[in-house]
Amino acid sequence: MIIGIILALVAGALVGLQNIFNSKVNEHTGSWSTTTLVLGMGFIASLIMGLITQGTGMFTLQHMQPWYWFSGVIGVGVVICLVQATKLLGATFAIAIVLTSQLGFALLWDSLGWMGLEKVPFSLNQLLGVLVIVGGILVFKLGGREAGRREKKASGQQRQALHTD
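Please read all numbers here as calculations on a predicted model, not as lab measurements. (Residues numbered from 1 in each chain as written. Predicted model: local features only at pLDDT ≥ 70, side-chain atom pairs only at ≥ 80, totals over all residues. Heavy atoms only, no water.)

Next up on the list: the side chain of Asn 19. Within the element layout of this structure, Asn 19 appears in helix α1 (residues 2-28). Among residues more than four places away in sequence, those in contact with Asn 19 are Leu 82, Thr 86, Ala 91 and Ile 95. (Helix = DSSP H or I, 4+ residues; strand = E, 2+ residues; numbered from the N terminus. Contact = heavy atoms within 4.5 Å.)

If you want it as C-alpha cells, here you go:
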C-alpha cells in the first residue's frame, strides 16, 4: 500500500509539472502542436521503455475489449483541455478542478461498477470527501478576491494621494 501511495504522489507531481511544461510549450506554438508534441514524445518514450523492459511481448494484447483502444484518443482530449484550461485559469486552479473532476468521476464509476471496474459501495463519507475538496477550491479561488480588492483599493488611494500633493 505504501508503494501505491508513493506512486500516486509521484504521478500527481508529474501531472502538475507536465501541465506547466505544456503551458509553456503552448505559449510558443498552438494547442494542437503542443498536444502532438506531448503525446508524440510520450509515445516514443513509452515505446523505448516498453521494448527495454518487456521486449516484443509488449505487443501481445490478449482478451482486450476493443473500446479500450480509444484510451489514446481520450489522452488527446486530456492534453488539449488541460492546456486550454491552464491558459484561461492558471495552473493551480485548473489542476484543482481537474483533480476534483477526476475524483468525482472515479467515485461515480467505482460506485456503479462501470468500465469493468469492481463495484465499490457508495458511501456518504466518499461524497463528503469530494465536497470538502470542492469547498477547498472555492476558498482557494474566491478567498483571495477580497484581499486583492483591498490591495487594489489601497494602491488606488496611494496614487490619488500622490497626485493631490
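This next bit is on the environment of Thr 53. Tracing the chain through its elements places Thr 53 in helix α2 (residues 31-54). Judged by relative accessible area, which is 58%, Thr 53 ranks as exposed. A polar contact of 2.8 Å, which involves the side chain of Thr 53, links it to the backbone oxygen of Met 49. (Buried < 20%, exposed > 50% of the residue type's maximum accessible area, 1.4 Å probe, protein only. Polar contact = N/O pair within 3.5 Å; in protein donor to acceptor, adjacent residues only side chain to side chain.)

To continue, consider the environment of Trp 109. Note on placement: Trp 109 falls in helix α4 (residues 91-112). Spatially, the C-alpha atom of Trp 109 lies 8.9 Å from that of Val 120, the residues being eleven residues apart in sequence. When neighbours within four sequence positions are excluded, Trp 109 is seen to be in contact with Trp 114 and Leu 117.

Right, let's talk about the packing of α1 against helix α3 (residues 71-89) for a bit. Where α1 meets α3, the axes come as close as 9 Å, and the angle between the chain directions of the two elements is 75°. With respect to each other, α1 and α3 are oriented roughly perpendicular. Mapping the contact onto sequence places Asn 19, Asn 22, Ser 23 and Asn 26 in α1 and Val 79, Leu 82, Val 83, Thr 86 and Lys 87 in α3. Looking at the contact of α1 with α3 residue by residue, the class counts come to three nonpolar, five polar and one charged. (Axes fitted to C-alpha atoms, helices over the stretch in contact; angles between N-to-C directions. Parallel < 35°, antiparallel > 145°, perpendicular 65-115°, else oblique. Nonpolar A, V, L, I, M, F, W, Y, C, P; charged D, E, K, R; others polar.)

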